[in-house]
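Spelled out from the first residue to the last, the chains are:
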Amino acid sequence: KMEVETAALELGCAVVRPGLVWSNTSGSLMRSLEHAARGRFVPLIGDGSYAQYLIFDDDLAELVVALSQPTAPTIGRALSAAHPQKHSLRSVLQLLATKQENRPTFIPIPWRLMHAGLKTLETLGLPAPFRSDSLIVIVFQNPAPDFDLREVPGISFRPFA
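What counts as what
- Residues numbered from 1 in each chain as written.
- Predicted model: local features only at pLDDT ≥ 70, side-chain atom pairs only at ≥ 80, totals over all residues.
- Heavy atoms only, no water.
- Helix = DSSP H or I, 4+ residues; strand = E, 2+ residues; numbered from the N terminus.
- Expected span 1.5 Å × (residues − 1).
- Buried < 20%, exposed > 50% of the residue type's maximum accessible area, 1.4 Å probe, protein only.
- Arc of directions from axis to C-beta.
- Contact = heavy atoms within 4.5 Å.
- Pairing = 2+ DSSP bridges.
- Axes fitted to C-alpha atoms, helices over the stretch in contact; angles between N-to-C directions.

> If you had to explain the environment of A14 to someone new, which residues and values would you point to?
Looking at where A14 falls in the secondary structure, it is placed in the loop between α1 (2–10) and β1 (15–18). On a C-alpha basis, the gap between A14 and I75 in space is 6.5 Å, while along the polypeptide they are 61 residues apart.

> If you had to explain helix α3 (residues 57–68) to someone new, which residues and values would you point to?
For α3, built from 12 residues, the straight-helix expectation of 16 Å at 1.5 Å per residue is met to within 8% by its first-to-last C-alpha distance of 16 Å. Among all positions in α3, only D59, L60, L63 and L67 are buried. For α3, the arc enclosing every buried residue in end-on projection is 100 degrees, short of the 170-degree limit, so these residues lie on one face. On the buried face of α3, the contacting elements are β1, β2 (20–22), β4 (51–56) and β5 (78–81).

> How would you summarise the sheet that holds β2 if you had to cite specific residues and measurements?
Reading across the sheet, the 3 strands line up as β2-β4-β6 and stay open at both edges, with mixed pairing between neighbours. At either end of the open sheet lies a strand with only one pairing partner, and these are β2 and β6 (86–88). Within the sheet, the average angular offset between the axes of one strand and its neighbour, ignoring direction, is 50 degrees. Sheet analysis places β2 next to β4, joined by 3 bridges and oriented parallel. Within β4, the residue paired with L20 across the bridge is L54. Where α3 meets the sheet, it contacts β2 and β4, and its direction lies at approximately 70 degrees from that of β4. Sheet strands touched by helix α4 (residues 89–99): β4 and β6. Its angle to β6, the strand with the most contacts, is close to 80 degrees.

So this is what it looks like as structure tokens:
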């Protein structure tokens, strides 16, 4: 990914690193988290402290459209696209559970064990709650993203709700 980003930047392309995408019609990884938050027992990646920065899907789309315009500036760096409020994975799951009027018990599972299980399911062609690379994105989220968007005026990201 880093090599592709570097090549894209050298060509003058925009590079966007979105946070965890949420929406009112959620799908993908967020859909998996919502589904997990319905259960009585919710598996938690590690202790759940992994930092997450979230972006609303419409806000991400607005940024992409702005960067796609012929008049868009050349940025020269990867843009972190997310609201700057940091959430722990556990707090995201807790909020999703609360919205569903659920009070789950969180069961911590070491991320490496969870990753091995997901990779096994993928190798066997069996359905998994989400992909192993999505787990890696959660665990290795940039701990100090740069939210400076001065090159793209008028763009802002709403907080997770």
